[in-house]
Amino acid sequence: MSASNSSVDFIVTINYVSNMLLAYVPIFVFIFGIVGNCLNVFVLGQRALRTNPSSVCFIVSSIAGIFVIISGLISRMMAGYNADLTLTVGWICKIRNFALYGSRTVVLWMILSATIDRWLSSSIDVHRRQLSNMKNVRRCIIVIIVYAIVINTPYFYCYEANLSGTMRGCYGSTYACRTLTDLIYAIGTVQIPLVLMIVFGLLIIRNVHRMQQRIRHNVNAASINTTHHSRATTLGNTSKRKMNQQLLKMLSLQITLLFLFACPHSIQKVYSSFGPSLPPQSVQYAIETLIFNIFTLLSFISSGMPFYIYTLAGGSLFRKAVVDLIKTTARRLLCCSCS
């Protein structure tokens, strides 16, 4: 009898921790995520950065990240107070999940696009470098948005509210639906872009190594007497190369944290579909629910952290852009107040 009571107490404690996580953590993630992504759009949208194809990919990813946080975290915050309408209203359940997973697809695939652009721009092949341009980035954005809409349409058909015996009240209405949507998310939204990011990241490292060897060879072969024009060209190339290196650092850190924060959530969703059905009042069910909530919150953190990653890893390039944005905003506010 005492063992049974201790199990009940343990379940109550686990459920209490889960509810507290849903009630308070999303508030902080929501605030720093919205602020960070909005700052990203403004900073990267400045003239010095918005002409770079990778910066445009980061901008679109940040805009999609705002939609991820709004569509996903508001319901999570309301769930902590037992006021989540997605659990009881069918059309809200469908729209919320389509917007959430569609936006998350855009976020990850745009980061992959930035990785491919860095690979192209770091290539010693001039024809590949020429493919890194704004025209191709615009085409890529359209393709990714269409892809995100197409692969996430099953959420409109599969997801229903007021379900019982599932991880959430708003979930796939049948086993086939849950399996389909979880596999779409795990493979089509998360795993494929993350794997390709790692592959192209390794290719970038190889390109950088080759480029450095070529630069050293050219420096050794160059004449000591350098004209003013060639010195100016060298300075210009150095500045461009510095921007590319800082963008690559920003990208590398973001890929690493995306893998750590987004990957566990996708694996957990697949496990919840293929794993055994557990009684809602069991200890294992309470533990799995807690783990699921933690991984879900980590996935939202991954959508809200880019600005802070760029501030840390972007070096003087990104921090200078932040300072310029603050100065410009302050100047405009002062002008408005004076007028």
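Rules of the game
Residues numbered from 1 in each chain as written. Predicted model: local features only at pLDDT ≥ 70, side-chain atom pairs only at ≥ 80, totals over all residues. Heavy atoms only, no water. Helix = DSSP H or I, 4+ residues; strand = E, 2+ residues; numbered from the N terminus. Buried < 20%, exposed > 50% of the residue type's maximum accessible area, 1.4 Å probe, protein only. Areas by Shrake-Rupley, 256 points an atom, 1.4 Å probe, with all protein chains shown as cover. Core = buried A, V, L, I, M, F, W, Y, C linked by side-chain atoms within 4.5 Å. Axes fitted to C-alpha atoms, helices over the stretch in contact; angles between N-to-C directions. Parallel < 35°, antiparallel > 145°, perpendicular 65-115°, else oblique. Left-handed = near helix turned anticlockwise from the far one by under 90°. Contact = heavy atoms within 4.5 Å. Nonpolar A, V, L, I, M, F, W, Y, C, P; charged D, E, K, R; others polar. Phe/Tyr/Trp six-rings, centres within 6.5 Å; stacked < 30°, edge-to-face > 60°. Lys NZ or Arg CZ within 6 Å of the ring centre and 35° of its normal. 1 Å grid on protein atoms, 1.4 Å probe; cavity = no way out; pocket = protein on both sides within 12 Å on 5 of 7 lines; lining within 4 Å. Points joined across faces, edges and corners; volume = space filled by probe spheres on them. pLDDT = per-residue confidence, 0-100.

Across its full length, the protein chain holds 12 helices and two strands. Counting helices and strands in the order they occur from the N terminus, the protein chain gives α-α-α-α-α-α-α-β-β-α-α-α-α-α. Sorting the 339 residues of the protein chain into buried and exposed places 45% on the buried side. Accessible area for the protein chain stands at about 17,700 Å²; split by element, carbon and sulfur atoms hold 70% of it.

Core analysis: the largest hydrophobic core is formed by 66 residues, its most contacted members being F58, V106, M110, I111, Y159, M197 and Y310. A total of 14 residues in this core trace back to one element, the largest contributor, which is helix 4 (residues 90-121).

Orientation of helix 3 (residues 53-79) relative to helix 10 (residues 283-304), taken along the N-to-C sense of each, is 150°, at an axis distance of 9 Å. By the angle between their directions, the pair helix 3 and helix 10 is classed as roughly antiparallel. As helix 3 runs across helix 10, the sense of the crossing is left-handed. Between helix 3 and helix 10, the residues in contact are G65, V68, I69, G72, L73 and R76 and F292, N293, T296, L297, F300, S303 and G304, respectively. Of the residues in the contact of helix 3 with helix 10, the class split is six nonpolar, six polar and one charged.

A word on the environment of C93. Within the secondary structure layout, C93 lies in helix 4. Measuring from C-alpha to C-alpha, the distance between C93 and Y171 comes to 8.1 Å, with 78 residues separating the pair along the chain. When residues no more than four places from it in sequence are discounted, the contact partners of C93 are T86, Y159, E160, A161, C170 and Y171.

Let us look at the packing of aromatic side chains. Within this structure, the stated rule accounts for seven aromatic pairs. With a centroid separation of 4.9 Å and 10° between ring planes, the pair formed by Y101 and Y155 is classed as stacked. Of the two residues, Y101 is situated in helix 4 and Y155 in helix 7 (residues 154-158); the sequence distance between them amounts to 54 residues. For the pair shown, Y101 and Y155 are each scored as buried. A centroid spacing of 5.2 Å and a plane angle of 65° characterise the contact between W119 and F200, whose relative ring orientation is edge-to-face. Of this pair, W119 sits in helix 4 while F200 sits in helix 8 (residues 175-221), and the two are 81 residues apart along the sequence. Residue W119 shares its accessibility class with F200, and that shared class is buried. Put simply, the rings of Y101, Y155, Y159, Y171 and Y185 pair up and form one aromatic cluster. Here the basic side chain of R104 rests over the ring of F300, its NZ or CZ set 4.9 Å away from the ring centre.

What follows is about empty space enclosed by the protein. Over the atoms a probe the size of a water molecule is rolled, and this reveals where empty space is left. A complete count under the given rule lists four cavities of 30 Å³ or more for this structure. By volume, the largest cavity is sized at about 60 Å³. Along its surface, the largest cavity is lined by R96, N97, Y101, Y159, M167, R168, C170, Y171, K269 and F292. Per-element tally for the lining of the largest cavity: the top contributor is helix 4, with three residues.

Scored by pLDDT, the protein chain has a mean of 81; 82% of the residues are at 70 or more. Considering each helix and strand of the protein chain separately, the mean pLDDT is smallest for helix 9 (residues 228-274), with a value of 69, and largest for helix 6 (residues 134-151), with 95.

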